[in-house]
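Breakdown of the fold
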Amino acid sequence: MKRCLPNWLLVTLMVALLSVGWTTPAWAATAEAIITDTEDSHVVGVAELEDTEPGLAIEVSFLDGPEGTHGFHIHENDSCADGGKAAGGHYNPAGVKHGYLLEDGFENAHAGDLGNVEISSDGEGVYSALIPGLSLTNGQYSVGDLAFILHAQPDDFGQPTGNAGDRAACGVIELD
Ligand SMILES: [Cu+2]
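Everything numeric here is computed off the predicted structure, so don't read it as measured data.

On to the overall build of the protein chain, then. For the protein chain, the count of helices and strands is 2 helices and 11 strands. Counting from the amino terminus, the protein chain carries its helices and strands in the arrangement α-β-β-β-β-α-β-β-β-β-β-β-β. Across the 176 residues in the protein chain, those meeting the buried criterion constitute 42%. Expressed as a percentage of contacts within the protein chain between residues at least 6 apart in sequence, the contacts between residues at least 24 apart total 59%.

And the structure:
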């Protein structure tokens, strides 16, 4: 399961992969997050984010993650310290219940409730979404400088936070 590639090489490979086909209009805010394992700090994935007219485009490539289905959320702080605990709770400025943002909307899901990501036995997986109403720097729900958390378990959308268990990996959303 654990690979022996050095982190810098994985990051270089992932950035090269992600830069293919990713075009950025000059006006649009963009950001990146390097998602690392909360225990041994190895890089598990890279996220690219971009404000577009219809919404926030989120594209995450996992290349060395834990196999299985994992809850994947945006949490409220800009830190992954203390095994990811410093990221705080789910990003939930509206103070609503937990859900799946893409289906339940901002009235019935936290603004950080991105759902689940599937990671294969070779550590690979993709999370890709275009989310109207989220942005990096504007408006009511802005996620620049917050943090992604990949949980150890699936998000079952139960209350209060989806029973997704430990924080397996974390990455702060850094604005470009
Ligand atoms: Cu979470």
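This part covers the pairing of strand 2 (residues 43-52). Taken across its 10 residues, strand 2 has 9 buried, putting it largely inside the fold. Pairing between strand 1 (residues 30-37) and strand 2: 7 bridges, direction antiparallel. The residue of strand 2 that forms the bridge with E32 is E48. If you look at the hairpin formed by strand 1 and strand 2, you'll find 5 residues sitting between the two strands, and S41 has a positive phi there, around 65°. Sheet topology note: the strand 2/strand 3 (residues 55-62) ladder contains 8 bridges and is antiparallel. Of the residues in strand 3, the one forming a bridge with T52 is G55.

Let us look at unusual backbone geometry. In this structure, P160 follows Q159 across a cis peptide bond, with omega equal to 0°. Positive phi, close to 65°, is recorded for F157, a residue that is not glycine. Along the polypeptide, F157 turns up in the loop between strand 9 (147-151) and strand 10 (167-172).

Reading guide: rules and limits
Residues numbered from 1 in each chain as written. Predicted model: local features only at pLDDT ≥ 70, side-chain atom pairs only at ≥ 80, totals over all residues. Helix = DSSP H or I, 4+ residues; strand = E, 2+ residues; numbered from the N terminus. Buried ≥ 20, exposed ≤ 12 C-beta atoms within 10 Å, placed from the backbone. Contact = placed C-beta atoms within 7 Å. Pairing = 2+ DSSP bridges.

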